[in-house]
Amino acid sequence: MSAFRSLAGSELEKTCDKASEEIKRSKSLVVASHIDADGLTSAGIACTALERLGKSYEPLFFRQLDGPALEQVADRGADLVIFTDLGSGMLQEISDLKLRSVIADHHKPTPAPDTRGITHINPHLAGADGATQLSGSGVAFLLARSMAKGNDDLSALAIVGAVGDLQDMASGKLLGINREVLDVASGAGAISWYRDIKLFGRQTRPVFKMLEYSQDPYIPGLSGDEDACIAFLKEMGVRLGGEKWRRWIDLNQDEKSRVVSALVRRGLRSGLSSIKLERLVGEVYTLLKEHEGTELRDASEYSTLLNATARYGYSDTGLKVCMGDRNAALDDARTLLAQHRQNLVNGIKLVSKQGMAKKRSIQYFDAGDAILDTIVGIVAGMCFQVADRSMPILAFATTPEGLLKVSARGTQDLVRSGLDLAEAMSLAAGKVGGAGGGHNVAAGATIPKEARDEFLEIVDAAVGSQISRNKKTI
Ligand code: C5P
Ligand code: ZN
C-alpha cells in the first residue's frame, strides 16, 4: 500500500507511475532545475534515482525558466527532459518546442490549451496547495518512489527542500503531503522531529551568536547585540563555553527551557506580539544520517548552505553535496556560506539605510546592483522582521542581462486576507512585457528596466483588489 495515504490510487500517483515508465524508456536525459535549495534538492533526488537505475543524465540549473533557458534545454537534444521545481509556468512553451518532458513542480500551473508530450506532476492538480503542502523536492521524491523501491532515504532531501521553501512557516510545522513524506523519512531512519527553538544555527553557532543573529523572530534588545546576548545567557545561568563555545545542541533540557521562557517573557515585555513569539518555538527537522554539529544535520541550516551555492553560480557544488559528497564539495559550500551570510547582512543594512517606499497596498525597495538578483528575495523576506507586516514587500535588483528582477514576499496573515503574489506578479509582468509567477506568499518576475513604475502600479492595484475582494466575501 502506498505510504502516502492521501495519494493512494490518486491521479497524482498514477501520473508519477506514467512518468517513471517514460524515464525508464529514455536513453538520454536532462534534469533541469531551479537554483534555490528546493531546486537543488529536487535535482539531487532525481539524479540519484536516475543513477540508481543506471541512467545517464545531464543536470542543468536556471534562475528561471524563460525562453532562452528552454532553448538551452532543447539544444541538448535529449530523449526526455525532467523539469524539477520549475516548468508548470511554461507548459505551452515546452509543448510548442516539442520537448518530451516530465514536469515535477509545485508552482501554480499556468493554463495551457495543448500539453502534448508533457507528463505533468503537480500538487495543485490534486487540489493540494504547492506553497505549503508539497515542495518541488517533495514532488521529485514522489517520482523517485515510483521509479524504484529503495529510494526512501531520499525523503531527507525532500524535507530540506520543503524547509528551504519555508513551507513550515505558516503553522510552525510541515503539513499536508509533506507530513506523509515525514512519515516515510522517519520509517527510513532519515529524519526525526521535535518542538524546539526555531532560531537559525542550533547545530553550528555558539548560543550567544545564535541569539545575536536571530532575525525571525527579531528579539528586541538581543538581536544584533552580542554583549546583551552574553549577559542574558549569564543571567540565565547558562555557561557559554569551556574549551569550546557551547551550541544550542550542547545545552541540557533544563537550560533550554529556561532560555525559551525568558525569551518569551522578554519578548512580551518589549511588545512583541504573541503571533511573532509563536514562531520562536516550532517543529525542527534533524537529518539523522548526518554528523551532529554540522550544517547538514538540520534541515534549515542545510537549505541555507545550498542557497549559498547555486544562487552564486555554483550549482554543481550544491548538487554534489545533495548527492552525498562530504569532502571537497562540502568544503567549497562552507566557504560560499560564509560569503552568503555576509551578503545577507549587507543587504539588510542597505535596506535599513535606504528605507522602504510605500504605495497603497504594497511597499518596495530598489537595490539596483547593490544586492544580487538571486538573493534579493531572501533579503526581502528577512526585512519583514523590521518592516510593516501589513503589506507585501517587493524588491528590485538588476540582472546581469540588464533586466529588472522583482522578488515579492508576503506574510501568512496577508495570504489569509486574500493575497496571491503569484497571480499579481504574473499579471503585471505579462502587461509590461516580462514574465513572472511563483506562490501566493512568495513570487517573482523579470521585467524590462524602464517598466518598473508601471509594474508597481499594476501590482499595487492587483494586491489592493485581492485583499478587498476577500473582505467582501468574508
Ligand atoms: O526569485 P525569488 O526567490 O523571488 O522567487 C520567488 C518564487 O517566484 C520562486 O518560487 C520562483 O520560482 C518564482 N518565480 C517565477 N518567475 C520568475 C521569478 C520567480 O515563477 N520570473
Ligand atoms: Zn520550490
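Just so you know, these numbers come straight off a predicted model, no measurement behind them. (Residues numbered from 1 in each chain as written. Chains lettered and ligands numbered in written order. Predicted model: local features only at pLDDT ≥ 70, side-chain atom pairs only at ≥ 80, totals over all residues. Heavy atoms only, no water.)

Undergrad: Help me understand the packing of aromatic side chains, please; the structure alone is not making it clear to me.
TA: A ring pair, where both rings are aromatic, is described by two values, the distance of the centres and the angle of the planes. For the structure shown, the criterion picks out three aromatic pairs. Ring geometry for Phe208 versus Trp245: centroids 4.9 Å apart, planes at 70°, classification edge-to-face. With Phe208 in helix α8 (residues 207–212) and Trp245 in the loop between α9 (226–235) and α10 (253–269), this pair connects stretches of sequence that are 37 residues apart. The class of Phe208 is buried, set by a relative accessible area of 6%. On the numbers, 6.4 Å between centres and 80° between planes, the contact of Phe396 with Phe455 is edge-to-face. One end of the pair, Phe396, is in strand β10 (residues 393–398); the other, Phe455, is in helix α18 (residues 452–473), with 59 residues separating them in the sequence. (Phe/Tyr/Trp six-rings, centres within 6.5 Å; stacked < 30°, edge-to-face > 60°. Helix = DSSP H or I, 4+ residues; strand = E, 2+ residues; numbered from the N terminus. Buried < 20%, exposed > 50% of the residue type's maximum accessible area, 1.4 Å probe, protein only.)

Undergrad: How do you make sense of helix α5 (residues 136–147) when you look at a structure like this?
TA: End to end, α5 covers 17 Å across 12 residues, agreeing with the expected 16 Å (1.5 Å per residue, within 8%). Of all 12 residues in α5, 11 are buried; the element is thus mostly enclosed. (Expected span 1.5 Å × (residues − 1).)

Undergrad: Explain the sheet that holds strand β9 (residues 363–366) here, please?
TA: Strand pairing in a sheet relies on backbone hydrogen bonds, with the paired strands running either antiparallel or parallel. Judged by pairing direction, the sheet is mixed, and its six strands sit side by side in the order β8-β9-β10-β11-β13-β12 without closing on themselves. Of all the strands in the sheet, just β8 (357–358) and β12 (435–438) have a single pairing partner and so form its edges. The sheet contact formed by β12 and strand β13 (residues 442–447) spans four bridges and is antiparallel. Its bridge partner lying in β13, Gly437 is registered against Gly444. (Pairing = 2+ DSSP bridges.)

Undergrad: Explain the packing of helix α14 (residues 328–354) against helix α15 (residues 376–383) to me, please; I cannot follow it from the model alone.
TA: To describe two helices that pack against each other, one gives the angle between their axes and the distance between the axes. α15 packs onto α14 with a crossing angle of 60° between their chain directions and a minimal axis gap of 10 Å. For the element pair α14 / α15, the angle class is oblique. For the element pair α14 and α15, the recorded crossing hand is right-handed. Between α14 and α15, the residues in contact are His340, Leu344, Gly347, Ile348 and Val351 and Ile378, Val379, Met382 and Cys383, respectively. Of the residues contributing to the contact of α14 with α15, the split by class is seven nonpolar, two polar and no charged. (Axes fitted to C-alpha atoms, helices over the stretch in contact; angles between N-to-C directions. Parallel < 35°, antiparallel > 145°, perpendicular 65-115°, else oblique. Left-handed = near helix turned anticlockwise from the far one by under 90°. Contact = heavy atoms within 4.5 Å. Nonpolar A, V, L, I, M, F, W, Y, C, P; charged D, E, K, R; others polar.)

Undergrad: Explanation requested: unusual backbone geometry in the structure shown.
TA: A negative phi angle is the norm for most residues apart from glycine, just as the trans form is the norm for most peptide bonds. Backbone geometry places Asp85, a non-glycine residue, at a positive phi of 60°. Along the chain, Asp85 turns up in the loop between β3 (80–84) and α4 (91–96). Among the residues examined, Asp85 registers a relative accessible area of 1% and is labelled buried. Its identity as a non-glycine residue notwithstanding, Lys98 has a phi of 55°, on the positive side. Residue position: Lys98 is located in the loop between α4 and β4 (101–104).

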